[in-house]
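Examination of the molecular architecture
Here's the letter readout for the chains.
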Amino acid sequence: MRRLLTATLLCFAAALPLYSQQKDIASLDKERDTLITNYSAYKRSLSWAGLLQTRFVNSFTGHVDINGKTTIPLLKRVSIIPFW
Amino acid sequence: MVKRARIQTKANINDHFSANIMVNFAEFSGNPTNKVLENAYVRYTLNKHFNVQAGEFRPFFGIEDAMPVDIIRTLDYSNQYYAFGSNGWQSFQIGMSIFGDVTGPLRYYAGVYNGNNRNQPSDDDDTKNMYGRLETDLGTNFTIGINAALGSQAGSGTGSAWGGDFLAKIPLADKWSVSLSGEYKNGSHFAHYNASTLNPKPDLNEFRMQGFYVFPILRYEWHRPRVRAIEFSSRYEYFDEDYKQAGNVRQTVIPNFNLVFADNFYVAVQLGMSLDFFERDIPLTTTYTRQLGYAQLQIRF
């Protein structure tokens, strides 16, 4: 009988820490992190953007085209009127 | 002329993986070989301290690489941007970068890339370009950056490039402000070295380019229902593509007037002049002193 009583008390004593233990607050974060079990599409998004740049250019330098390249200036035509 | 017709798509697959593809359809006006596709990269973001990006993109080599692709506040990018781009140092390149915040306002960028420009099937030699950049904010309105790189192109051997830049915003009075940026760069000119027919051929270190620009913008926040802001700017640039050899200094001034019809440059009309002055004019080439007037309309969406 005494043995049975001792064993019962020991079982209660062993179970007490389970009730007295405080909750581990840090473990809550772990649980929150593990709530997502698949990150495949986590915060998935798609966006489009564009830029259109149009330009009118004019070269103010003679014999230079708009790309900066020089050309040979054409010789002025000279009328040659023969005298006779 | 249609200078740029860019479409880009940004896709966030999840909070860590994203992708960006950008094309410029205006490049079909000429030979589109090795053109049109500009951005094509995948980014992995672990946190704000560590991002990995791989594919084709501009490798953060200077502020013109880092600024948004759809905000162009004057006629175009600088002459040094195009020269360093054609030599594989910046502009759109194929490779991999890591970047992020270090601590406080200090940011880092580092990476490797092929250095033979965009839309190439593979590297043109056995070595990769490597680069690093550090950038920090000194106060709320002043940012400075330094970058350095090692690289090669088409069997040229290893060359180097380095530079520094700053960006400042100065509030003047109610509705008035000044933005001031500047950049200096110095680097190997692989194209000149590879094309050189001098005998004996000088060392790669004798083929270098250098230049700087300052870009002040005076801005008035008009805040009318239709016209949101007016900007006056004038970028001055000094650039020498071959200062250790014959050299020929090119100075460019671009006075620009900018009417912003929608916030954040969603609609902007620009009027201005591009004034180029060469130390020596070379007939029948583009190395020739000239003046160009322009009117430019740009819309982003």
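Before reading further, recall that the structure is shown in the block above.
Thresholds, definitions, all that
- Residues numbered from 1 in each chain as written.
- Chains lettered and ligands numbered in written order.
- Predicted model: local features only at pLDDT ≥ 70, side-chain atom pairs only at ≥ 80, totals over all residues.
- Heavy atoms only, no water.
- Helix = DSSP H or I, 4+ residues; strand = E, 2+ residues; numbered from the N terminus.
- Buried < 20%, exposed > 50% of the residue type's maximum accessible area, 1.4 Å probe, protein only.
- Contact = heavy atoms within 4.5 Å.
- Areas by Shrake-Rupley, 256 points an atom, 1.4 Å probe, with all protein chains shown as cover.
- Pairing = 2+ DSSP bridges.
- Buried area = accessible area lost by both parts, 1.4 Å probe.
- Salt bridge = Lys/Arg side-chain N within 4 Å of Asp/Glu carboxyl O.
- Polar contact = N/O pair within 3.5 Å; in protein donor to acceptor, adjacent residues only side chain to side chain.
- Nonpolar A, V, L, I, M, F, W, Y, C, P; charged D, E, K, R; others polar.
- Patch = residues over 30% accessible without salt bridge, like charges linked within 9 Å, V, L, I, M, F, W, Y side chains within 5 Å.

When you go through chain B residue by residue, the secondary structure sums to 3 helices and 15 strands. A total of 301 residues make up chain B; the buried ones form 48% of that total. Looking at chain B alone, contacts between residues at least 24 apart form 53% of all its contacts between residues at least 6 apart. Summing over all exposed atoms, chain B offers an accessible surface of approximately 13,800 Å²; the carbon and sulfur share of this is 63%.

Residue and element names in this part refer to chain B. Pairing of strand β10 (residues 176-188) with strand β11 (residues 208-220), which is carried by 13 bridges, proceeds in the antiparallel orientation. Looking at β11, one finds that W176 is bridged to Y220. Judged from the 9 bridges that link them, β11 and strand β12 (residues 229-240) form a sheet pairing that is antiparallel. Looking at the pairing, Y213 lines up with E237 of β12.

Counting from both sides, the interface comprises 31 residues of chain A and, opposite them, 40 residues of chain B. Together chain A and chain B conceal approximately 3,200 Å² of surface at their shared face, both sides included; 51% is due to carbon and sulfur atoms. Sorting the residues of chain A by area buried against chain B places L51, Q53 and R55 of chain A first, and these three jointly supply 27% of that buried surface. For the salt bridge of D76 of chain B with R55 of chain A, the shortest nitrogen-to-oxygen distance reads 3.4 Å. Counting every contact that joins chain A to chain B gives 24 residue pairs in polar contact (both at pLDDT 80 or more). Considered class by class, the residues forming the side of chain A that touches chain B number 14 nonpolar, 13 polar and 4 charged.

An α-helix turns once every 3.6 residues. As a result, residues three or four positions apart point the same way. All names here are of chain B. The buried fraction of helix α2 (residues 79-86) is high, at 6 of 8 residues. Where α2 is concerned, the buried positions are N79, Q80, Y81, A83, F84 and G85. Looking one or two places after α2, you find G88, whose phi comes out positive at around 80°.

A separate point is the pairing of β12 of chain B. Note: β12 of chain B against strand β13 (residues 249-262) of chain B, 12 bridges, orientation antiparallel. Bridge pairing links F232 of chain B to F257 of chain B in β13 of chain B.

With that out of the way, let us pick up the environment of Q8 of chain B. Structurally, the position occupied by Q8 of chain B is in strand β1 (residues 2-12). On a C-alpha basis, the gap between Q8 of chain B and I21 of chain B in space is 5.5 Å, while along the polypeptide they are 13 residues apart. Apart from the residues within four sequence positions on either side, Q8 of chain B is in contact with S47, W48 and A49 of chain A together with N20, I21, M22, V69 and D70 of chain B.

Moving on, we come to the side chain of N147 of chain B. Residues and elements named next belong to chain B. Tracing the sequence through the fold places N147 in strand β8 (residues 142-151). Within the structure, N147 has its side chain in polar contact with the backbone nitrogen of G62 (distance 3.3 Å). Each residue touching N147, except ones within four places of it in the same chain, is listed here: F60, F61, G62, G132, R133, A161, W162, G163 and D165.

Here the focus is a nonpolar patch on the surface. There is a patch of nonpolar side chains on the surface, built from L52 of chain A together with V2, L297, I299 and F301 of chain B and spanning about 410 Å² of accessible area. Locating F301 of chain B in the fold gives a position in the segment after β15 (290-300).

Right, let's get into unusual backbone geometry. Across the junction of N199 of chain B and P200 of chain B, the peptide omega takes the value 0°, indicating a cis bond. Mapped onto the secondary structure, P200 of chain B falls in the loop between α3 (190-195) and β11. Located in the positive-phi region is K43 of chain A, a residue other than glycine, with phi close to 60°. Position of K43 of chain A among the secondary structure elements: in the loop between α2 (25-33) and β1 (45-59). On the basis of relative accessible area, K43 of chain A is assigned to the exposed category, the value being 58%. Notably, S91 of chain B is not glycine yet its phi reads approximately 65°, a positive angle. Topologically, S91 of chain B is positioned in the loop between α2 and β5 (93-103).

Another aspect to go through is the pattern of salt bridges. All names here are of chain B. One pass over the structure, following the stated rule, counts 18 salt bridges over all chains. Note that K3 is salt-bridged to D76, the shortest N-O span being 3.8 Å. Pair noted here: K3 is in strand β1 and D76 is in the loop between α1 (63-66) and α2, with a separation of 73 residues, a long-range link. Residue K3 is classed as partly exposed on the basis of its relative accessible area of 28%. For D76, a relative accessible area of 11% corresponds to the buried category. Residue D123 is joined to K128 by a salt bridge in which the shortest nitrogen-to-oxygen separation is 3.3 Å. Overall, the relative accessible area of 44% leaves K128 in the partly exposed class. Each of R107, R133, E135, D137 and D165 takes part in salt bridges that share partners, so that together they form one network.

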